Amino acid sequence: MFTESLIKALPFIALAFQSLGFLVRDELWLRLLILFGTFFYQLYYFFGFCAPEYSMMITSGLLGVINFTMIIVLIFERTTFAMSDETARIYRSFPTLNPGQFRRVMKAGVVKTAPAGEVLVTDGAPLKRLLLITKGQVVISKSDVEYNAKASVFIGEVSFLRQGSASATVKVNEDDTTYVEWQHSDLKQMMKKSAAMNNALIALFSAELAGKVQHSMPVDLVHKTA
């Protein structure tokens, strides 16, 4: 099946793949190239000796299995595979996060439903949670002005960034309004553990805040009546 010259070349082919792996910056490509190198080493351990070197094949194979498992994890983290339509829709509210980061954030959140009239946030009150409205509508009130905000709006990102009190009152305006709630402490813990997560969330909330400032006078803005 293999010529003698090809068998002798197998470890060098394996070395070439693994060397290329260490030269790339992308972790997925690194692991794929290392896995290809492991495959050629396996061939060499099987055909390159008078009898197969099963001990070397087992140890190298175990490392290959671990590497393959991590490749699957990386692919899962980089794609929206297996996300439901609803979860994929919510993911669009997190443009700075990759799918893996989004899944970790959602795992830390709690999905809740509120009836019309329920006050979610009170202006000036301490706020230790962040909300994302995923379905329905809320009314955001500040001083003598209020406006309607529909799904996909974050509530409390200013308090999260500044570690302060709520900057507006938010009241549910439609029955069965759904939102995701995160405790500040849980998000801070995730951000502390991962610099990438920290940067992604800071960028997300900064962009959300900038967007609200830019559109601080939306079309449906109305003055409160006495």
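What counts and how
The residue numbers shown here count from 1 along each chain, following its written sequence. Per-residue local features of the predicted model are confined to residues with pLDDT of at least 70, and side-chain atom pairs are confined, for both listing and counting, to 80 or more; whole-chain, interface and lining totals are unaffected and use all residues. Water and hydrogen atoms were dropped before computing side-chain values, which therefore reflect all heavy atoms in the structure. Should a side-chain nitrogen of Lys or Arg be within 4 Å of a carboxyl oxygen of Asp or Glu, the pair is scored as a salt bridge. Helical segments are the DSSP runs of H or I of at least four residues, strand segments are the runs of E of at least two, and each set is numbered from the N terminus. Classification of residues uses two cut-offs on accessible area relative to the type maximum, computed with a 1.4 Å probe and protein chains only: under 20% is buried, over 50% is exposed, and between them is partly exposed. Any two strands are treated as partners once DSSP identifies two or more bridges connecting them. Pairing of aromatic rings covers Phe, Tyr and Trp, the last counted by its six-membered ring, and requires centre-to-centre distances within 6.5 Å; plane angles under 30 degrees mean stacked, over 60 mean edge-to-face, and any other angle means tilted. Here, over-ring charges are defined by two tests on the NZ atom of lysine or the CZ atom of arginine: distance to the ring centre within 6 Å, and angle to the ring normal within 35 degrees. A residue's pLDDT is the predictor's confidence in that residue, given on a scale from 0 to 100. The contact rule is simple, with two residues in contact once any of their heavy atoms fall within 4.5 Å. Like-charged residues are merged into a patch within 9 Å and nonpolar side chains (Val, Leu, Ile, Met, Phe, Trp, Tyr) within 5 Å, provided each residue has over 30% relative accessible area and no salt bridge. What sets the accessible areas is the Shrake-Rupley method with a 1.4 Å probe; for residues, cover comes only from the shown protein chains. Working convention: axes come from line fits to C-alpha atoms, limited for helices to the stretch in contact. Angles between N-to-C directions cover 0 to 180 degrees.

1. Details of the pattern of salt bridges
Pairing between side chains becomes possible if they bear opposite charge and their charged atoms approach one another. Taken as a whole, this structure holds eight salt bridges when the rule is applied. Between Arg-129 and Glu-181 there is a salt bridge whose closest N-O contact spans 2.5 Å. Within this pair, whereas Arg-129 is found in strand β3 (residues 129–135), its partner Glu-181 is found in strand β8 (residues 177–183), the two being separated by 52 residues in sequence. For the pair Arg-129 and Glu-181, one class covers both residues: buried. One connected set of salt bridges, linked through shared partners, spans Lys-112, Arg-129 and Glu-181.

2. Some details on the pairing of strand β4 (residues 137–142)
The buried count for β4 comes to five of six residues, which makes it a mostly enclosed element. Where β4 meets strand β5 (residues 145–150), six bridges bridge the pair, whose relative direction is antiparallel. Each residue of the ladder has a partner; that of Val-138, found in β5, is Ala-149. In textbook terms, the turn of a hairpin is the stretch between consecutive antiparallel strands, and for β4 and β5 this stretch comprises two residues, one of which, Ser-143, has a positive phi near 55 degrees. The sheet contact formed by β4 and strand β7 (residues 169–172) spans four bridges and is antiparallel. Bridge pairing in β7 links Val-138 to Val-172.

3. Quick look at the packing of aromatic side chains
Tallying each qualifying case throughout the model produces 13 aromatic pairs. Arranged with centres 6.1 Å apart and planes meeting at 75 degrees, the rings of Phe-94 and Trp-182 form a pair that is edge-to-face. Here Trp-182 lies in strand β8 and Phe-94 lies in the loop between α4 (85–91) and α5 (99–108), a separation of 88 residues in the sequence. You'll find Phe-94 and Trp-182 in the same group, each marked buried. The rings of Tyr-91, Phe-94, Phe-102, Phe-154, Phe-160, Trp-182 and Phe-205 are connected pair by pair, giving a single aromatic cluster. Over the face of the ring belonging to Phe-76 we find Arg-103, whose NZ or CZ atom lies 3.9 Å from the ring centre. The ring of Phe-160 has Lys-188 lying over it, and the distance from NZ or CZ to the ring centre is 4.6 Å.

4. Notes on the confidence of the model for the protein chain
Predicted confidence across the protein chain gives a mean pLDDT of 88, with 93% of residues reaching 70 or more. The low-confidence segment residues 217–226 (pLDDT under 50) makes 14 contacts with residues lying over four places distant or belonging to another chain.

5. Here's the deal with a nonpolar patch on the surface
Together, Phe-46, Tyr-54, Ile-58 and Leu-62 line one region of the surface with nonpolar side chains, adding up to about 430 Å² of accessible area. It is helix α3 (residues 54–78) that contributes the most residues to the nonpolar patch, three residues altogether. Examined against the element boundaries, Tyr-54 turns out to sit in helix α3.

6. Re the sheet that holds strand β6 (residues 153–155)
Spatially, β1-β8-β3-β6 is the arrangement adopted by the four strands of the open sheet, whose pairing is antiparallel. The open sheet terminates on both sides in strands that have one partner only, identified here as β1 (110–114) and β6. Each strand of the sheet is rotated relative to its neighbour by a mean of 30 degrees, with strand direction disregarded. Pairing analysis gives six bridges linking β3 to β8, with the strands arranged antiparallel. Among the inter-strand pairings, Leu-131 is bridged to a residue of β8, identified as Glu-181.

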